[in-house]
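# Tertiary structure, described
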Amino acid sequence: MRKIRTRFAPSPSGYLHVGGARTALFNWLYAQHTQGSFILRIEDTDQARSTDESVRAIFEGLEWLGIQWDEGPFYQSQRSEIYAEHIDKLISTGNAYYCTCTPDEIEAMREKARAKGEKPRYDGTCRNKELGPQTGAVVRFKAPQSANTILDDVVKGSIVFANNELDDFVIRRSDGMPTYNLAVVVDDVTMNINTVLRGDDHVMNTPKQILIYQALGHELPVFAHVPMVLGDDRTRLSKRHGATSVTAYRDMGLLPDAFVNYLARLGWSYGDQEFFTRQELIEKFTLERIGKSAGIFDPVKMQALNADHIQAAAPEVIAPHVKPFLQESGYNTDDETYLKALIPTLQPRSKTLREMAEQAHFYYRPELEYDEKAVKKFLKPAIVEPLKALKENLSSLTSFDEKKLETVFVNLMEKFEIKLGKIAQPVRVALTGTSVSPGIFEIIAVLGKKKVLQRLEKAIELIQAR
RNA sequence: GGUCCCAUCGUCUAGGGGUCUAGGACGCCGGCCUCUCACGCCGGUAACGGGGGUUCGAAUCCCCCUGGGAUCACCA
């Protein structure tokens, strides 16, 4: 079997958005699955809208997603000679011709057609003029006016287009730059792309492209048009639906693997399975399992999946991803051992890495910030003696493990005849400043003797000062 | 408006003629567990858009309607 070659070909006119990310992901997954190649190509033939900043944003997004390309990036803006060559070939074989009609004349044609109730299109004025090259002229593709063009799509099935719906579309602009439809085909042909996997907003372009493939005498690639990603109002996902840039999701605290998992399951499925590791995705991703209806992007479900990934990941995997959020608050995260010890205490209670960092404040803050209500409710004079006893018992321990800590607490409970809940909450407030935190034994073990004793003392002083 | 695509719980989906009194996940509502908050566990809520066919039998096949989406550039 021939080697699969897929590509992602974004136009650099903005950041990498959710829909583009999913297209990139599918292409990458499929190439990985088949041990083929994934090519990155930047479609920057639109000088006016393309920016270097957008190119960087796309790289940044792909990097975060963990998607590497095997070849490229190739820039269309640097391939002018290749397009010129192919356009010349189309002209010399009679498949394309020069056209000197002005934009105003074209507009007039369209108006006229609309007035007659027909569809606006180019009327073929220059079609048989046999015009030669001249400045200001465009090149048009001579589209067949009869019969059908059939697109055999892997996800959509067979789609028939009547050729008389097409007009002679421009393939080279008056400034000499090729238009999209010409450039994609020439690129895909010369780069030996044999699997074109893209958003289904490209379906209507496909017959034109098929015609170009045929005029060039080239074999067609396999086409797979993936349904759109919609916003909650069922229209194409855009800024007004909230964040659409993939880096925005990084900044919200998504784990890249979780985001990738969510994106993959939006429009693709594998039985009832919801949770996939990156490796599982590669193993199981096939074109046949791509669904044919559009899907609505659901941030809530995405976050739930993120929580699952956070829980399943090893602390050392999470550490580098949560660090930036900790540093945002000004904390020093050089102590890797400490970081890796506290992460497990927060894993089951964090839906995002940002949440995790927020809940980690008490682990890092040199001076606790006390919650008024919690202090008032739990740090009462009656608890001073138990706290003192706890302090004393803990200071005699050489190491903190949960078993030993439990024994200490059991002894305290017996001595003062109180339930665990009665002593745990005050201790929690003393150690974290709030009444909500990971398990009491866990946080004592992670904080370590020094911090624990200091904070207990501070709490005792606080009570006595009132 | 022309052309094209799509149509199962609120959402993502399983399902490809009988095993569907339609399954899973998120959400939501109860309960259990419990040192707080979570996690976890148990249970519940909720869907085949409508109408015609085909068939002994349709969520599954065909047609129409309705609804939604995409696209109609010298943008990609």
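Calculation rules
Along each chain, numbering runs from 1 in the same order as the chain's sequence is written. Chain A is the first chain written and ligand 1 is the first ligand written, with later ones labelled in order. Where local features are concerned, this predicted model is filtered to residues with pLDDT of at least 70; where side-chain atom pairs are given and counted, the filter is 80 or more; whole-chain, interface and lining totals use all residues. To get the side-chain values, all heavy atoms of the structure are used, and hydrogens and water are removed first. Strands are treated as partners if at least two bridges between them are detected by DSSP. Each helix is a run of H or I in the DSSP string that is no shorter than four residues. Each strand is a run of E no shorter than two, and both are numbered from the N terminus. Helix axes are fitted to C-alpha atoms over the stretch in contact, other axes to C-alpha atoms as well, and angles between N-to-C directions run from 0 to 180 degrees. By convention in this document, the label disulfide applies to cysteine sulfur atom pairs within 2.5 Å. Exposure classes here rest on a 1.4 Å probe applied to the protein chains alone. A residue is buried below 20% of its type maximum, exposed above 50%, and partly exposed in between. We call a residue near a molecule or strand as soon as one heavy atom of that residue lies within 4 Å of the molecule or strand. As used in this structure description, the phrase polar contact means that two N or O atoms lie within 3.5 Å; if the pair is within protein, one of them must be able to donate a hydrogen and the other to accept it, and residues adjacent in sequence are counted only when both atoms belong to side chains.

### Comments concerning the sheet that holds strand 1 (residues 5-8)
In spatial order, the strands read 1-2-3; together these three strands make up an open sheet with parallel pairing. Each of the sheet's edge strands pairs with one partner strand only, and the pair in question is strand 1 and strand 3 (71-75). The sheet shows a mean angle of 25° between the axes of neighbouring strands, direction not considered. Pairing of strand 1 with strand 2 (residues 37-42) involves four bridges; the strand directions are parallel. Opposite Arg-7, over in strand 2, you have Ile-39 as the bridge partner.

### Thoughts on the state of the cysteines
Counting across every chain of the model gives zero disulfides. Sulfur of Cys-126: no disulfide; nearest cysteine sulfur belongs to Cys-101 and is 3.6 Å away. Residue Cys-126 is classed as buried on the basis of its relative accessible area, which comes to 1%.

### Remarks on the protein's contact with RNA strand B
In the vicinity of RNA strand B there are 58 residues, among which Arg-173, Arg-234, Arg-236, Arg-349 and Ser-437 approach most closely. Those atoms of RNA strand B that come within 4 Å of the protein belong to sugar or phosphate at a rate of 71%. In this structure, a base oxygen belonging to RNA strand B sits 2.9 Å away from a main-chain N or O atom of Ser-174. At a separation of 2.7 Å, a base oxygen of RNA strand B approaches a polar side-chain atom of Arg-428. Elements represented by at least two residues in the surface near RNA strand B include exactly helix 4 (103-115), strand 7 (157-162), strand 12 (295-296), helix 10 (299-312), helix 18 (420-432) and helix 19 (440-447). Top contributing element to the surface near RNA strand B by residue count: helix 18, with five residues.

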